[in-house]
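If you want the building blocks of each chain, they are given just below.
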Amino acid sequence: MSIPRRAFLFRGLALLCACSLSIGSHFGQNTLGPLKSRLSREKGTSNAEFSLLIAALGLNSTWTPLVGGLLAARLGTTWTSLIATSLILAGQLILLLGDLSSSVKTMLFGMFIFGLGISPLAVVQETIIVRFFNQHGLGVSLALGLVAGKGASFVSARTSFPLSEWNPHAPFVVSTLLAAFSFFVNLFYLFASNQIAAGAGVEIEPAEAHRQSTSRPASAIDSVENMSEAAALHKVAEKRTVRLSDLARLGDIFWLYIGINILCGTIWAPFTHLASNIIEHRYTISEGAAAEQASILLVGSVFLYPICGYITDISKKGDIVFRLLILASILTLASYTWLALPPSFTHTALPAMLSFGIGHGFSPLLLVLMVPHLVPLKYVSTALGAHKSLESCGSTVMQTVAGFVLDFKSSNPTRTNADAVQSVLNSFLWLNLAQMAGVCWLRWKEQHSHAASISNDYRQVALSYEEGEHTHQGAPGDEAHLSLLGSPESADSDSELMDDMSAKERTPSEGERRRGRVFTAMSGGAVVSTWLLFVASVWMEMRTT
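## Considerations on the overall build of the protein
1) Next: When its secondary structure is counted, the protein shows 24 helices and zero strands.
2) Next: Residue burial in the protein is summarised as follows: out of 545 residues, 54% are buried.
3) Next: At a minimum sequence separation of 6, the contacts of the protein that also span at least 24 residues come to 84%.
4) Next: For the protein, the accessible surface area stands at approximately 23800 Å², while carbon and sulfur atoms represent 65% of it.

## Remarks on the packing of aromatic side chains
1) Next: Applying the stated rule across the entire model yields 10 aromatic pairs.
2) Next: Ring geometry for Phe254 and Trp255: centres 5.1 Å apart, planes at 70°, overall edge-to-face. With respect to burial, Phe254 and Trp255 carry one shared label: buried.

## Topic: helix H12 (residues 251-267)
Given 3.6 residues per turn, any residue in an α-helix points the same way as the ones three and four places further on.
1) Next: Here H12 contains 17 residues, and its C-alpha end-to-end distance of 26 Å stays within 8% of the 24 Å for a straight helix at 1.5 Å per residue.
2) Next: Of all 17 residues that make up H12, 14 are buried, and the element is covered over most of its length.

## Quick look at helix H24 (residues 510-542)
1) Next: Between its first and last C-alpha, H24 extends 48 Å over 33 residues, near the 48 Å set by a 1.5 Å rise per residue.
2) Next: Within H24, the full set of buried residues consists of Gly511, Glu512, Gly516, Ser523, Val527, Thr530, Phe534, Ser537, Val538, Glu541 and Met542.
3) Next: Tucked inside the fold, the buried residues of H24 contact helix H4 (47-59), helix H7 (104-133), H12 and helix H20 (380-408).

## Structural notes on the pattern of salt bridges
1) Next: Taken as a whole, this structure holds eight salt bridges when the rule is applied.
2) Next: Here Arg38 ties to Glu42 by a salt bridge, and the two come within 2.6 Å at their closest N and O atoms. You can see Arg38 and its partner Glu42 sitting in helix H3 (residues 36-43), four residues apart, about one turn around the helix.
3) Next: Among the salt bridges present, the one from Arg158 reaches Glu292, with a minimum N-O distance of 3.7 Å. Within this pair, whereas Arg158 is found in helix H8 (residues 138-166), its partner Glu292 is found in helix H14 (residues 287-294), the two being separated by 134 residues in sequence.
4) Next: For Arg158, a relative accessible area of 32% translates into the label partly exposed.
5) Next: The network of salt bridges with common partners includes Arg38, Glu42 and Glu165.

## Looking at empty space enclosed by the protein
1) Next: Enumeration over the complete set of coordinates arrives at four cavities of 30 Å³ or more.
2) Next: By volume, the largest cavity is sized at about 920 Å³.
3) Next: Along its surface, the largest cavity is lined by 39 residues, and His26, Gln29, Lys150, Ala269 and Glu391 are the ones closest to its centre.
4) Next: Top element by residues in the lining of the largest cavity is H20. It accounts for seven residues.
5) Next: Classifying every residue of the lining of the largest cavity by side-chain character gives 16 nonpolar, 19 polar and four charged.
6) Next: Elements that contribute at least two residues to the lining of the second largest cavity include exactly helix H13 (269-282) and H14.
7) Next: Counting residues per element, the lining of the second largest cavity draws most heavily on H13, which supplies three residues.

## Topic: the side chain of Ser153
1) Next: Counting through the fold element by element, Ser153 comes out in helix H8.
2) Next: Aside from chain neighbours lying at most four places away, what touches Ser153 is His26, Asn30 and Leu298.

## Focus on the nonpolar core
1) Next: Counting residues in hydrophobic clusters, the biggest one holds 120 residues, and the most contacted among them are Phe254 and Phe271.
2) Next: In this structure Phe271 touches Leu297, Tyr336, Leu339, Met353, Phe356, Leu425 and Phe428, once residues within four positions along its chain are discounted.

## Comments concerning the confidence of the model for the protein
1) Next: Here the protein averages 79 in pLDDT, while 76% of its residues score no lower than 70.
2) Next: Taking the mean pLDDT of every element in the protein, the minimum, 35, falls on helix H22 (residues 478-485) and the maximum, 95, on helix H16 (residues 320-340).
3) Next: Segment residues 218-242 is flagged for pLDDT under 50; beyond a separation of four residues in sequence, or across chains, it makes 24 contacts in the model.
4) Next: Within the model, pLDDT remains below 50 along residues 457-503, and this stretch shows 42 contacts once partners closer than five positions in the same chain are excluded.

## Observations concerning the environment of Val424
1) Next: Take Val424: it is sitting in helix H21 (residues 418-466).
2) Next: The spatial distance from the C-alpha of Val424 to the C-alpha of Phe271 is 9.5 Å, given a sequence separation of 153 residues.
3) Next: Residues contacting Val424, with those up to four places away along its chain left out, are Ile278, Ala402, Val405 and Leu406.

## A closer look at unusual backbone geometry
The bulk of non-glycine residues show a negative phi, and the bulk of peptide bonds are trans.
1) Next: For Thr284, which is not a glycine, the phi torsion comes out positive at approximately 50°.
2) Next: For Thr284, the position within the fold is in the loop between H13 and H14.
3) Next: One non-glycine residue, His347, lies in the positive phi region at around 70°.
4) Next: Its location among the elements puts His347 in the loop between helix H17 (343-346) and helix H18 (350-369).
5) Next: Here His347 falls in the exposed class, since its relative accessible area comes to 61%.

Conventions we followed
- Residues numbered from 1 in each chain as written.
- Predicted model: local features only at pLDDT ≥ 70, side-chain atom pairs only at ≥ 80, totals over all residues.
- Heavy atoms only, no water.
- Helix = DSSP H or I, 4+ residues; strand = E, 2+ residues; numbered from the N terminus.
- Buried < 20%, exposed > 50% of the residue type's maximum accessible area, 1.4 Å probe, protein only.
- Contact = heavy atoms within 4.5 Å.
- Areas by Shrake-Rupley, 256 points an atom, 1.4 Å probe, with all protein chains shown as cover.
- Phe/Tyr/Trp six-rings, centres within 6.5 Å; stacked < 30°, edge-to-face > 60°.
- Expected span 1.5 Å × (residues − 1).
- Salt bridge = Lys/Arg side-chain N within 4 Å of Asp/Glu carboxyl O.
- 1 Å grid on protein atoms, 1.4 Å probe; cavity = no way out; pocket = protein on both sides within 12 Å on 5 of 7 lines; lining within 4 Å.
- Points joined across faces, edges and corners; volume = space filled by probe spheres on them.
- Nonpolar A, V, L, I, M, F, W, Y, C, P; charged D, E, K, R; others polar.
- Core = buried A, V, L, I, M, F, W, Y, C linked by side-chain atoms within 4.5 Å.
- pLDDT = per-residue confidence, 0-100.

Structure below.
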């Protein structure tokens, strides 16, 4: 077998393992939404208690993405993923026990433990894919890596209610079995990862490099060569370490991106969990019909992730990611607008479900693909961790507040009335408007930042050329580089130039660093505030049960 074909097969095996790792977690995350009315009827859960169950799932994602990156850097993807899948399986088992005993408190604890493993597993999954496919169609590979999980989410949303009709505990049993499947796939990857990496021809992991360098003390026999190898391994491990202090260096554009992530968190995940119950009461349809229509929200990702990844891979426009995210914002805004209109005028929720399903079907992938356009490559892991953490803050707060709004405006906490639904939909609508405005602003600032960087590079190269540094001492092709830069006005060669500039490190001004430190502190405050809100809400709701 030829070396390229062998490497292709091993990369495919790595992708298959990465896909399988998230099947159990994605299925389990979307089991409760279609069962909201059933849980209220059979276990007496209020709207706030249900929202707390979902919020408990996302609460730990406010900090675990950052720790997940650190764990991946220190322990390697194999051991980090084993910890994550173990927590997910343990959480599912506790959730199943709570369901069997009709204990909402036990179910809440199970969702909390479950949530501990979700974000580290997502970081590990993305790290595995980037590691094996960095030079082999990364956009499509990331999309395919997420499709399995998104497919499991759709299957969960589509089958949870029918399963509960067959047996009330069946959805939780199936979720636990799929979590066990992901755990055993993880064991396989743990034992085969070194062979897969060798077959695919990828570089050694930082954690493995560190272990090898510390386990190879220099001896008298192989002094110089082994010492230099150990130093090189240490250098690789050190360069891949995640540092939270880097956040203050990432500039204003990054923090605008983080603000958009918070708004995305408020309008995406909470709605997917509440949609079934909302359209059931708003359009007076059965639980089964509502769950079936709400599952449309999750089917778009299965088809649109690969398409979106392919478009971003082949596109010559540097701002294609921003354009697609604006399109997604318009589609989700159209969905909320339709739902906010009087149901006597719209009659059905299907157009809204389709519009949201398409818009949300590719937008989460865009938030990941956008990061290399905004920060230098060495900061990507830190930026992704912050993105997941702050997005989770937005979704957890919105999920918790929505539950209390639904209870506050309802005479019976186990029921949902029209006024409560209207208030929640109006909130989603206004937050979506703010999110879309933020994306447009981010695109404008990013374009102006690139134009300024290109102009600065042109001036520096032109100045060095005039000073004679390129006359006889320059490397071949320097003049070609000067002609490639052209003039500042010709910055319309967006295609390659934008992608080149996205890989360069831009030095933030002192003002940006100062604002970065402020925003970093505010982000920490947002995480703490999210936890305080959740703890206070649990104390209020659970103290009498």
